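Chain residues, written in single-letter form:
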Amino acid sequence: MNIAPLPDHGRVSRPEWQALWQQYEPVTTPLRVVGLACDIETCGGQTVINVDLPDGTYLVIADDDALPDRLEQVTGWRITRSHRDNPNFDALVFDSTDGGEHEGLHADIISLLAAVALYLKSLPDVDTQTAGTKIGEILMASAHRFAVAVTGVNSQHASQSQVISGPFASHSETVKQYGWQTHLLEEGDWKKVHEQGGTEWPLTVWQRRDAVLLVFVTRLLLV
């Protein structure tokens, strides 16, 4: 894969631009590796990441409003798709900021990249689809996400299935959270009726009156 070159403009030599670029390399590098040109824009004091797509549109990656000076200060990601020749073109791609559809993912970079990959693969342009596929391949080869999930039947005989804790990058942290979630079930008068998987991939079945829950540690599909 050929990495996209650095932006070619005068700001590249400025220390403040270089500092921002270094901060957000965990976001831009996987995109550049698949050939997508990225830039840090600071117009009017509003810092965003622009990502050029093969179909002539581009992505704008921001936080609630603009990106902070340091990556660890990001609270969530908001991605839109725009077109330089059509100012009325504005599509929301992903929103993990407060109140956004994916706010539970907060500032997780893997979730951000997975969302970009899925979105690009949904677009009609073949080269843009290919870029999305390549991002997905990078994620599958280098990143893992785990969670505590539950599935079962409630007292109204309706099925339920959801992630109750996570995602986490660390498998051990996920197992620790699994222990906490099952402790909460015990505190809520649930009775454990089955257990398997040991400490690596624990799975338990819980019953309370007419409701049954299966709680387990799972590996999440990234893209």
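Please refer to the structure placed before this passage.
Summary of the structure given here. (Residues numbered from 1 in each chain as written. Predicted model: local features only at pLDDT ≥ 70, side-chain atom pairs only at ≥ 80, totals over all residues. Heavy atoms only, no water.)

Looking at the sheet that holds strand β1 (residues 38-41)
So, step 1. Strand order in the open sheet made by the 5 strands is β1-β2-β3-β4-β5, with antiparallel pairing throughout. Of all the strands in the sheet, just β1 and β5 (86-95) have a single pairing partner and so form its edges. Direction aside, neighbouring strands of the sheet carry axes that sit 25 degrees apart on average.
So, step 2. With 4 bridges connecting them, β1 and strand β2 (residues 48-52) associate as antiparallel partners. (Pairing = 2+ DSSP bridges. Helix = DSSP H or I, 4+ residues; strand = E, 2+ residues; numbered from the N terminus. Axes fitted to C-alpha atoms, helices over the stretch in contact; angles between N-to-C directions.)

Focus on the pattern of salt bridges
So, step 1. In total, this model carries 8 salt bridges according to the counting rule given.
So, step 2. Residue D55 pairs with R81 through a salt bridge whose shortest N-O separation is 2.9 Å. Separated by 26 residues along the polypeptide, D55 in the loop between β2 and β3 (57-62) and R81 in strand β4 (residues 78-83) bring together distant segments of the chain.
So, step 3. By relative accessible area, D55 is classed as partly exposed at 24%.
So, step 4. Across the pair R70 and E72 runs a salt bridge, and its minimum N-O distance is 2.7 Å.
So, step 5. Several salt bridges share partner residues, and in doing so they unite R11, D39 and E41 into one network. (Salt bridge = Lys/Arg side-chain N within 4 Å of Asp/Glu carboxyl O. Buried < 20%, exposed > 50% of the residue type's maximum accessible area, 1.4 Å probe, protein only.)

Describing the pairing of β4
So, step 1. Where β3 meets β4, 6 bridges bridge the pair, whose relative direction is antiparallel. Directly across from A62, in β4, lies its bridge partner R78.
So, step 2. Relative to β5, β4 runs antiparallel, the two being bridged by 6 bridges. From the neighbouring strand, R78 faces β5, where its bridge partner is D95.
So, step 3. Linking β4 to β5, which pair antiparallel, is a turn of 2 residues.

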